[in-house]
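Remarks on the overall topology
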Amino acid sequence: MTKRPFTRRALLATGGAVLATGTSGLLRPALAQGLTPTRSMRGGANNYLRGATIVDRIGSGGFWMTGTVRRAGDGAPLPGQRIQIWAHTTEGHERDPHSHGATLTDANGVFRLEMPQIIPAFGQPHGHLAYDSGDFETVFLRPVMSSARDTSLEAHFVLQPA
């Protein structure tokens, strides 16, 4: 094995890496090795109604809200977690109680709920989702659709114990 001489370029690269990661990166594993918790999105809690009923479908359906729920750190799927979903749809405004419903994750931490087609509110087609069951920190999401013609929307939760 040949030894490479210590060069100015190697010194600058090493110094830059330490500055970029900080000395803490040398003492503990980087956060990228585990899943970090999902942060609540701005506007996610708008028109939230605590305690929405668990339903098989909201309204007449035709649009699918899907996603996953995992535990922060190890990424383990979280079965039996309650996810509330609401939106401005062809059948009602997001503030209307009949536009809200909840579902539970399956054994793989996957949720899926059919609802009426989401339509733009304030210029953007978007949905609202909440994890609010109490075992983990509450998280509100407000994902925006790429097009008002989309017939599904995905959202993923990574939860931190409460």
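Preceding block: the structure.
Small disclaimer: the values here were computed from a predicted structure and weren't measured.

Two strands in a sheet stick together by hydrogen bonds in their backbones, pointing the same way (parallel) or opposite ways (antiparallel). As summarised here, the arrangement of the four strands in space is β3-β2-β5-β6, forming an open sheet in which the pairing is antiparallel. Among the strands making up the open sheet, the edge pair consists of β3 (100-104) and β6 (139-141). If you compare each strand with its neighbour and ignore which way they point, the axes differ by 20 degrees on average.

Overall, mixed pairing links the three strands, which are arranged β4-β1-β7 in an open sheet. The open sheet terminates on both sides in strands that have one partner only, identified here as β4 (110-115) and β7 (152-159). Ignoring strand direction, the axes of neighbouring strands in this sheet form an average angle of 20 degrees. Pairing of strand β1 (residues 63-71) with β7 involves eight bridges; the strand directions are parallel. Counted as the bridge partner of Trp64 is Ser152 from β7.

The next subject is the nonpolar core. With 22 residues, the main nonpolar core has Leu129 and Phe157 as its most contacted residues. Ranked by residues supplied to this core, first place goes to β7 with four residues. Ignoring sequence-local partners within four residues, the contact set of Phe157 consists of Thr38, Thr68, Val69, Arg70, Ile83, Phe111, Leu129, Ala130, Tyr131, Val139 and Leu141.

The next thing to look at is the side chain of Glu94. Locating Glu94 in the fold gives a position in the loop between β2 (82-87) and β3. Within the local environment of Glu94, its side chain forms a polar contact with the side chain of His126, the two groups lying 3.4 Å apart. A polar contact of 3.2 Å, which involves the side chain of Glu94, links it to the side chain of His128. Glu94 has contacts with Asn46, Asn47, Trp86, Ala87, His88, Ser99, His100, His126 and His128, leaving out every residue within four places of it along the chain.

Cut-offs and rules
Residues numbered from 1 in each chain as written. Predicted model: local features only at pLDDT ≥ 70, side-chain atom pairs only at ≥ 80, totals over all residues. Heavy atoms only, no water. Pairing = 2+ DSSP bridges. Helix = DSSP H or I, 4+ residues; strand = E, 2+ residues; numbered from the N terminus. Axes fitted to C-alpha atoms, helices over the stretch in contact; angles between N-to-C directions. Core = buried A, V, L, I, M, F, W, Y, C linked by side-chain atoms within 4.5 Å. Buried < 20%, exposed > 50% of the residue type's maximum accessible area, 1.4 Å probe, protein only. Contact = heavy atoms within 4.5 Å. Polar contact = N/O pair within 3.5 Å; in protein donor to acceptor, adjacent residues only side chain to side chain.

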